[in-house]
Protein chains: 2
Amino acid sequence: MSAGTVYGVGLGPGAQDLLSVRADRLVRNARHVAFFRKAGRAGQARQIVNGMLHADAVEFPMEYPITTEIPLTDPRYNEMLSAFYTDCTAHVRALAQDGEDVIVLCEGDPFFYGSFMHLYTRLQGDVAVEVVPAITGMSGAWTATGAPITWGDDILTVLMGTLDADTLVRGMKQADALVVMKIGRNIDKVRDALKRAGKYDDAYLVEYATMAGQTVQRLAEAEGKVTPYFSIIVVHGQGRRP
Amino acid sequence: MSAGTVYGVGLGPGAQDLLSVRADRLVRNARHVAFFRKAGRAGQARQIVNGMLHADAVEFPMEYPITTEIPLTDPRYNEMLSAFYTDCTAHVRALAQDGEDVIVLCEGDPFFYGSFMHLYTRLQGDVAVEVVPAITGMSGAWTATGAPITWGDDILTVLMGTLDADTLVRGMKQADALVVMKIGRNIDKVRDALKRAGKYDDAYLVEYATMAGQTVQRLAEAEGKVTPYFSIIVVHGQGRRP
């Protein structure tokens, strides 16, 4: 019996027909499907493929033991997540060693700020792993704004809202075009940083890009609103355009 | 008779099965297909869809009047390209106003450093335009390296090799993870900048990502080699990993 392969399959920003043809085939034919989710939630990756899974597919939800209950700086945060990823890896590895292919569903692109990479590194050398790139959430977001993100020689910088304020301001000032992700509870800090960097009035807030609930508005007009974790802020570059 | 729609369809990094399901359908059903190319070349976007076009599809190649024959700083560069894009837009607009849908093939993601945006802005208000986001060339490149591009709070910066040396160095120093595109004849300048920024030894050169001729090597081991325009340099972030 030959060992199976673990596929880290990027699903893209959310719309089902924005899966790649390769990802679409892998998901529809999968017998073992693993995905991360918050405890008690359906899971964003799993929801994207609603209606696509084979009737006999065996699902393996991997529920984060924590998300924001413990601060990132607390050493227990890394310890708990590390143990969690090790457990998930053991399950997936055992399936593959038993000859089964395992599809791990990943929202966005698996190698771009994804959770899959924590399985990926732990599986190296044990079983075959293949990664299917995908449309990033930020591509979905800037497309939703109806304006190009980068022109000519524009510098694009991608920042996480979890960074400290000064780092955010420095990164924002250096960039021509800007994407800010993970903004949920960091929204006030991100707003202040954009103001200090002189980019607040040009910032757009995109929620649920490419999905049914998609909204696009100027961040300044969303003042005070709480935004979900998967909201993305976009500031367009203004580079050379013949 | 109702007017047609112009679709800017991102094709992704190069592999045909990395088109999105939406793009795949649009391309296979298209009756009018436009694409940019260098004079005398098949065109990268057109090559990606080889074998996919309908037998009755009418092709409209749009050949750049110049690419690197005139420096970017010469005012004639912008004038010639502007006139070219205006001509292309007129053709596409006329087709749509005659009731035809037009598919414009775009390598990578249309709103990410693409030529399509020059048609897109010129068509605004005249005919309906829809943009289909796609997997970027850089996603294809970092996936090819077999290592995640960004972890935790890593800052990702995307730089064009056409930038001046000091701007390149400044951008490289600020970034945790780095992508450099448009490196063809700028390769020596990009190499020097990476050395000055202390990132040269960590840089990977990816050519023809996701395509038949894909190569991945450390940039330091590719010393002296001339690289094609669509090569991409990747430096991976080393952020938080539980």
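This structure is a prediction, so every number in the text was calculated from the model and none was measured.

Got a minute to help me understand the interface of chain B and chain A in this structure?
Often, the extent of an interface is quoted as the loss of accessible area upon association of its parts. If you look at the interface, chain B gives 43 residues, while chain A gives 43 residues. For the side of chain B that touches chain A, the secondary-structure elements that each account for two or more residues are α1 (21-29), α3 (75-97), α4 (116-123), α5 (137-145), β6 (156-160) and α6 (165-174) of chain B. Class assignment of the residues belonging to the side of chain B that touches chain A gives a composition of 24 nonpolar, 13 polar and six charged. Where strand β6 (residues 156-160) of chain A and β6(B) come together, three bridges link them in antiparallel fashion. Of the residues in β6(B), the one forming a bridge with A:L156 is B:V158.

Before we go on, may I ask you to explain the packing of α6(B) against helix α7 (residues 187-196) of chain B in this structure?
Working note: a packed helix pair is described by the angle between its axes plus the distance between those axes. Residues and elements named next belong to chain B. One can describe the packing of α6 onto α7 by two numbers: an axis separation of 9 Å at closest approach and a directional angle of 45°. For the element pair α6 / α7, the angle class is oblique. The way α6 lies across α7 gives a crossing that is right-handed. Within the contact between the two elements, α6 uses A165, L168, V169 and M172 and α7 uses K189, V190, D192, A193, L194 and R196. Classifying every residue of the contact of α6 with α7 by side-chain character gives seven nonpolar, no polar and three charged.

What's the story with helix α7 (residues 187-196) of chain A in this structure? I'm lost.
The periodicity of an α-helix, 3.6 residues per turn, causes residues three or four places apart in sequence to face the same way. All names here are of chain A. Residues of α7 that are buried include every one of I187, V190, R191, A193 and L194, and no others. Looking straight down α7, one finds that the buried residues subtend no more than 165° of arc, so they occupy a single side. Turning to α7, the residues buried within the fold contact α6 (165-174), β7 (177-181), β8 (203-207) and β10 (232-235). Of the residues flanking the end of α7, it is G198, one or two places downstream, whose phi is positive at about 75°.

I would appreciate a short explanation of the domain arrangement of chain A in the present structure.
When the domains of chain A are assigned, the result is domain 1 (5-132) and domain 2 (137-235). Taken together, the contact pairs nine residues of domain 1 of chain A with eleven residues of domain 2 of chain A.

Mind showing me how you'd approach the relation of the copies chain B and chain A here?
For these two chain copies, the linking operation is a rotation about an axis paired with a shift along it. Between chain B and chain A, the superposition needs a rotation of 180° and an axial shift of 0.0 Å, giving an RMSD of 0.0 Å. As the rotation angle and translation indicate, the two copies are arranged about a two-fold axis. Taken as a fraction of all interface residues of chain B, those also at the interface in chain A reach 100%, which identifies the copy contact as same-surface.

Help me out: how do you make sense of the environment of A:D166 in this one?
All names here are of chain A. The residue D166 is located in helix α6 in this model. By C-beta crowding, D166 is classed as exposed, having 10 other C-beta atoms within 10 Å. With 45 residues separating them along the chain, D166 and T121 place their C-alpha atoms 31 Å apart.

Looking at this model, I keep getting lost on the environment of B:L178. Mind explaining?
Residue and element names in this part refer to chain B. Inspection of the secondary structure puts L178 in strand β7 (residues 177-181). Note on L178: 25 C-beta atoms within 10 Å, which makes it buried. Separated by 24 residues in the primary sequence, L178 and D202 have C-alpha atoms spaced 10 Å apart. Not counting residues within four places of it along the chain, the set of residues in contact with L178 comprises T157, M172, K199 and V235.

Quick question: what am I supposed to make of the sheet that holds β8(A) here?
Backbone-to-backbone hydrogen bonds pair the strands of a sheet. The strands run either parallel or antiparallel. The strand order across the open sheet built from ten strands is β9(A)-β8(A)-β10(A)-β7(A)-β6(A)-β6(B)-β7(B)-β10(B)-β8(B)-β9(B), with neighbouring strands paired in mixed fashion. Looking at which strands have only one partner, the edges of the open sheet turn out to be β9 (215-218) of chain A together with β9 (215-218) of chain B. Geometrically, the sheet is characterised by an average inter-axis angle of 15° between neighbouring strands, direction not taken into account. Here four bridges tie β8(A) to β9(A), and the two strands are oriented antiparallel to one another. Of the residues in β9(A), the one forming a bridge with A:Y204 is A:R218.

Looking at this model, I keep getting lost on the nonpolar core. Mind explaining?
As a rule of thumb, nonpolar side chains are buried together in soluble globular proteins. Of all hydrophobic cores here, the largest spans 152 residues; its most connected members are A:V104 and B:V104. Discounting chain neighbours no more than four positions away, the residues touching A:V104 are A:V6, A:Y7, A:G8, A:V9, A:A34, A:F35, A:F116 and A:L119.

Honestly, the sheet that holds strand β2 (residues 32-38) of chain B in this entry has me stumped. Any pointers?
Residue and element names in this part refer to chain B. An order of β3-β2-β4-β1-β5 is seen for the five strands of this open sheet, with the pairing classed as parallel. With partners counted over all chains shown, the strands left at the sheet margins are β3 (58-64) and β5 (128-132), one partner each. Neighbouring strand axes in the sheet, compared pairwise and without regard to direction, differ in orientation by 25° on average. Inspection of the sheet shows β2 paired to β3 by seven bridges, in the parallel sense. Bridged to H32 within β3 is V58.

What's the story with the environment of A:S115 in this structure? I'm lost.
Looking at where A:S115 falls in the secondary structure, it is placed in the loop between β4 (102-106) and α4 (116-123). When the C-alpha atoms of A:S115 and A:T162 are compared, they prove to be 16 Å apart, with 47 residues separating the residues in sequence.

Which parts of the structure should I look at to understand unusual backbone geometry?
Glycine aside, residues mostly have negative phi, and peptide bonds are mostly found in the trans state. All names here are of chain B. A positive phi angle is found at K182, which is not glycine, with a value near 50°. With respect to the helices and strands, the residue K182 is situated in the loop between β7 and α7. On the basis of neighbour count, K182 is assigned to the partly exposed category, with 19 C-beta atoms found within 10 Å. A positive phi is found at T210, a non-glycine position, where the angle reads about 70°. Looking at where T210 falls in the secondary structure, it is placed in the loop between β8 (203-207) and β9.

For this particular structure, what's the right way to read the pairing of β8(B)?
Strand residues, when the strand is regular, have side chains that alternate between the two faces of the sheet. Residue and element names in this part refer to chain B. Judged by how many residues are buried, β8 sits mostly within the fold: four of five residues are covered. Bridge count between β8 and strand β10 (residues 232-235): four bridges; the pairing is antiparallel. By the bridge assignment, L205 is partnered in β10 with I233.

Cut-offs applied
- Residues numbered from 1 in each chain as written.
- Chains lettered and ligands numbered in written order.
- Predicted model: local features only at pLDDT ≥ 70, side-chain atom pairs only at ≥ 80, totals over all residues.
- Contact = placed C-beta atoms within 7 Å.
- Helix = DSSP H or I, 4+ residues; strand = E, 2+ residues; numbered from the N terminus.
- Nonpolar A, V, L, I, M, F, W, Y, C, P; charged D, E, K, R; others polar.
- Pairing = 2+ DSSP bridges.
- Axes fitted to C-alpha atoms, helices over the stretch in contact; angles between N-to-C directions.
- Parallel < 35°, antiparallel > 145°, perpendicular 65-115°, else oblique.
- Left-handed = near helix turned anticlockwise from the far one by under 90°.
- Buried ≥ 20, exposed ≤ 12 C-beta atoms within 10 Å, placed from the backbone.
- Arc of directions from axis to C-beta.
- Domains from an automatic or database assignment.
- Least-squares fit on C-alpha atoms with pLDDT ≥ 70 in both.
- Core = buried A, V, L, I, M, F, W, Y, C linked by C-beta atoms within 7 Å.

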